[in-house]
Amino acid sequence: MSLELEYCYGSKYWNKGYATEALQIVIKYLRETAKVEKISACHLSINPASGKVMKKAGMIYDATLKEYRIDKNTNKRVDLVYYSTK
């Protein structure tokens with residue numbers, strides 16, 4: 001079984017390590033308890049901090065889909081960057 005994670009939290013909590021810690025716990029639970037084989041997540045290229053969270057949580061870079069999404073704030077196309085567990 002495989003799944004894709006998403007997360008979102010308020011700017012009040014940015015840069016405190018909460019997202020990394022939470023993602024690590026979720027990944028551990030999904031692998032050990034739910035027996036999920038492959039876990040993936042993605043972020044918009046204009047939000048590299050989310051990619052750092054994924055790396056710190058032990059995920060590895062998979063691929064970049066060029067101009068795959070439209071950024072709702074700028075209405076411009078941006079890349080979608082994918083990470084997954086080993």
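Residues numbered from 1 in each chain as written. Predicted model: local features only at pLDDT ≥ 70, side-chain atom pairs only at ≥ 80, totals over all residues. Heavy atoms only, no water.

Moving on, we get to the nonpolar core. Ranked by size, the top nonpolar core spans 14 residues in total, and within it L5, L23, I27, I39, M54 and M59 carry the most contacts. Sorting the residues of this core by element identifies helix 1 (18–32), strand 2 (38–44), helix 2 (48–56) and strand 4 (77–84) as the ones contributing at least two each. The greatest single-element share of this core, amounting to 4 residues, is contributed by helix 1. In this view, I39 contacts L3, L5, I27, L30, R31, M59, Y83, S84 and T85; residues no more than four positions away in its chain are not counted. (Core = buried A, V, L, I, M, F, W, Y, C linked by side-chain atoms within 4.5 Å. Buried < 20%, exposed > 50% of the residue type's maximum accessible area, 1.4 Å probe, protein only. Helix = DSSP H or I, 4+ residues; strand = E, 2+ residues; numbered from the N terminus. Contact = heavy atoms within 4.5 Å.)

So, about the pairing of strand 3 (residues 60–70). Bridging between strand 3 and strand 4 involves 7 bridges; their strand directions are antiparallel. Bridging across to strand 4, Y61 finds its partner in Y83. Linking strand 3 to strand 4, which pair antiparallel, is a turn of 6 residues; within it N75 sits at a positive phi near 60 degrees. (Pairing = 2+ DSSP bridges.)

Attention now goes to the layout of surface pockets. For the largest pocket, the calculated volume is near 1,000 Å³. Forming the boundary of the largest pocket are 32 residues, of which Y7, C8, H43, N47 and S50 lie nearest the centre. Put simply, the parts of the chain that give the lining of the largest pocket at least two residues each are strand 1 (2–5), helix 1, strand 2, helix 2 and strand 3. The biggest single contributor to the lining of the largest pocket is helix 2, with 6 residues. The residue makeup of the lining of the largest pocket, split by class, is 17 nonpolar, 7 polar and 8 charged. (1 Å grid on protein atoms, 1.4 Å probe; cavity = no way out; pocket = protein on both sides within 12 Å on 5 of 7 lines; lining within 4 Å. Points joined across faces, edges and corners; volume = space filled by probe spheres on them. Nonpolar A, V, L, I, M, F, W, Y, C, P; charged D, E, K, R; others polar.)

Moving on to helix 2. Within helix 2, the full set of buried residues consists of S50, G51, V53 and M54. All buried residues of helix 2 project into a common sector of 155 degrees when viewed along the axis, lining one side. Projecting away from the buried face of helix 2 at angles above 90 degrees are the exposed residues K52, K55 and K56. Buried residues along helix 2 sit in contact with helix 1, strand 2 and strand 4. (Arc of directions from axis to C-beta.)

A few words now on the sheet that holds strand 2. Strand order across the open sheet formed by 4 strands is 1-2-4-3, with mixed pairing between neighbours. Each edge of the sheet is formed by a strand with only one pairing partner; in this case those strands are strand 1 and strand 3. For this sheet the average axis-to-axis angle between neighbouring strands, irrespective of direction, equals 25 degrees. Its contacts with the sheet place helix 1 against strand 1 and strand 2, and it is angled at close to 165 degrees to strand 1. (Axes fitted to C-alpha atoms, helices over the stretch in contact; angles between N-to-C directions.)

Right, let's get into the confidence of the model for the protein chain. Summing up the model confidence of the protein chain, the mean pLDDT is 95 and the portion of residues at 70 or higher is 100%. Of all helices and strands in the protein chain, the one with the weakest mean pLDDT is strand 1 (95), whereas strand 4 scores best (98). (pLDDT = per-residue confidence, 0-100.)

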